[in-house]
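Fold and contact review
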Amino acid sequence: EAGVAQSPRYKIIEKRQSVAFWCNPISGHATLYWYQQILGQGPKLLIQFQNNGVVDDSQLPKDRFSAERLKGVDSTLKIQPAKLEDSAVYLCASSFVGGNEQFFGPGTRLTVL
Amino acid sequence: EDQVTQSPEALRLQEGESSSLNCSYTVSGLRGLFWYRQDPGKGPEFLFTLYSAGEEKEKERLKATLTKKESFLHITAPKPEDSATYLCAVHAWNQGGKLIFGQGTELSVKP
């Protein structure tokens with residue numbers, strides 16, 4: 001069974017530039033999560049989708065971050081404009097609806113200079 | 001506020017030297033407690049889910065236990081390949097699907 005796919009794996013940008021990350025969840029998983037993991041910390045949830053609807057985006061900095069899951073399968077997370085403090089690994093995870101176990105992708109490491 | 005604290009932050013062991021990692025949590029209603037392993041440059045890999053106090057689960061050299069306030073990950077006779085960061089997370093009934101993670105324990109096992 002294929003796992004959660006993410007791209008790109010690495011991205012380096014200047015502050016105030018924009019960037020987008022892509023995630024394809026495990027087939028059949030209706031729930032998709034984006035987490036931010038700052039170096040030395042545990043992941044923090046940014047947004048949770050169920051199918052193409054947002055369940056929780058309470059910790060998403062909406063002035064600069066946006067996310068979509070238009071067809072209820074893959075998802076894109078965008079940052080515009082980026083700040084230095086956005087440097088982190090962005091992890092995508094997926095699960096069955098109501099499922100407890102979340103399965104993570106390899107992440108995208110973002111460096112903002 | 002729901003909170004997870006892991007200790008120690010880092011642990012160095014010799015191969016074969018058994019030890020335990022601690023995860024203390026404060027949550028309004030525990031739906032599940034999770035242990036993940038994270039290797040450098042990779043996403044977290046699921047290890048265990050525990051649901052109620054007194055529950056235990058084992059996988060190879062790892063055993064996870066749960067009380068009403070904390071969870072332990074016991075590592076018996078570790079090998080160098082057990083070196084990784086171990087993350088604990090809680091899932092609360094009032095938090096939808098959100099996992100609240102601790103900061104992790106970085107385990108290093110030397111041969």
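Please refer to the structure higher up on the page.
Now for a quick tour of the structure. This is a predicted model, so every value here is computed, not measured.

This part is about the packing of aromatic side chains. Applying the stated criterion across every chain, the model contains 11 aromatic pairs over all chains. Ring-pair connections join several aromatic residues into one group, and the members of that group are Y33, Y35, F103 and F104 of chain A together with F34, Y36, F46 and F101 of chain B.

With that settled, the discussion passes to the sheet that holds strand β6 (residues 56–59) of chain B. All names here are of chain B. With antiparallel pairing, the five strands of this open sheet are ordered in space as β1-β3-β8-β7-β6. The sheet is open, and its two borders are formed by β1 (3–7) and β6, each paired with just one other strand. Strand-to-strand, the axes of this sheet are offset by a mean angle of 15 degrees, without reference to chain direction. Both strand β3 (residues 19–26) and strand β8 (residues 70–75) contribute to a ladder of six bridges, which runs antiparallel. For C23, the partnering residue across the bridge sits in β8 and is S71.

Moving on to the environment of L110 of chain A. Residues and elements named next belong to chain A. Structurally, the position occupied by L110 is in strand β11 (residues 108–112). Residues L110 and G42 lie 68 residues apart in sequence; the distance between their C-alpha atoms is 16 Å. Those residues within four positions of L110 in sequence are excluded, and the remaining contacts are K11, I13, V19, F21, I79, D86, S87, A88 and Y90.

Applying the stated criterion across every chain, the model contains two disulfides over all chains. Each disulfide pairs two cysteine sulfurs, and for C23 of chain A the partner residue is C92 of chain A, the sulfurs being separated by 1.9 Å. On the S-S bond that ties C23 of chain A to C92 of chain A, the torsion sits near -65 degrees, and the link is left-handed. Separated by 69 residues along the polypeptide, C23 of chain A in strand β3 (residues 19–24) and C92 of chain A in strand β9 (residues 88–95) bring together distant segments of the chain. Each sulfur of the disulfide joining C23 of chain B and C88 of chain B lies 2.0 Å from the other. Measuring the twist about the S-S bond at about -60 degrees, one finds the C23 of chain B-C88 of chain B disulfide to be left-handed. With C23 of chain B in strand β3 and C88 of chain B in strand β9 (residues 84–92), this residue pair connects regions lying 65 residues apart in the sequence. Residue C23 of chain B is classed as buried on the basis of its relative accessible area of 0%.

Right, let's talk about the interface of chain A and chain B for a bit. Counting from both sides, the interface comprises 20 residues of chain A and, opposite them, 20 residues of chain B. Considering only the surface of chain A that becomes buried against chain B, N100, E101 and F104 of chain A emerge as the three largest contributors, covering 32% of it. Taken together, the links from chain A to chain B amount to zero salt bridges. Our count for the contact surface shared by chain A and chain B stands at five residue pairs in polar contact (both at pLDDT 80 or more). Mapped by element, the contributors of at least two residues to the side of chain A that touches chain B are β4 (31–37) and β5 (44–50) of chain A. Broken down by element, the side of chain A that touches chain B gets its largest block of residues, three residues, from β4 of chain A. Of the residues in the side of chain A that touches chain B, the class split is seven nonpolar, 10 polar and three charged.

What counts and how
Think of each chain on its own: its residues are numbered from 1, step by step along the sequence as written. Chain labels run from A onward and ligand labels from 1 onward, assigned in the order the entries are written. Since the coordinates come from a predicted model, pLDDT governs what is reported: local features require at least 70, and pairs of side-chain atoms require 80 or more to be given and counted, while whole-chain, interface and lining totals use all residues. Note that the side-chain values use all heavy atoms of the structure and ignore hydrogens as well as water. Aromatic pairs are defined between Phe, Tyr and Trp rings, using the six-membered ring for Trp, whenever the two ring centres lie within 6.5 Å; interplanar angles under 30 degrees are classed as stacked, those over 60 as edge-to-face, and all others as tilted. At least two DSSP bridges between two strands are required for those strands to pair. Secondary structure follows DSSP: runs of H or I at least 4 residues long count as helices, runs of E at least 2 residues long count as strands, and numbering of each begins at the N terminus. Here an angle of 0 to 180 degrees is reported between the N-to-C directions of two axes, which are lines fitted to C-alpha atoms, with helices fitted over the stretch in contact. Should any heavy atoms of two residues lie within 4.5 Å, those residues are considered in contact. Cysteine sulfur atoms that pair up within 2.5 Å are treated as a disulfide. For every residue, the accessible area obtained with a 1.4 Å probe (protein chains only) is divided by the maximum for its type, and the residue is called buried under 20%, exposed over 50%, and partly exposed between those limits. Take the accessible area each of two parts loses on contact, using a 1.4 Å probe, and add the two losses: that sum is the buried area. The salt bridge criterion pairs a side-chain nitrogen of Lys or Arg with a carboxyl oxygen of Asp or Glu, the two atoms within 4 Å. Definition of a polar contact: a pair of N or O atoms within 3.5 Å, with one able to donate and the other able to accept a hydrogen when the atoms are protein atoms, and with sequence-neighbouring residues admitted only if both atoms are side-chain atoms. Three residue categories are used. Nonpolar comprises Ala, Val, Leu, Ile, Met, Phe, Trp, Tyr, Cys and Pro, charged comprises Asp, Glu, Lys and Arg, and polar comprises the others, including Gly.

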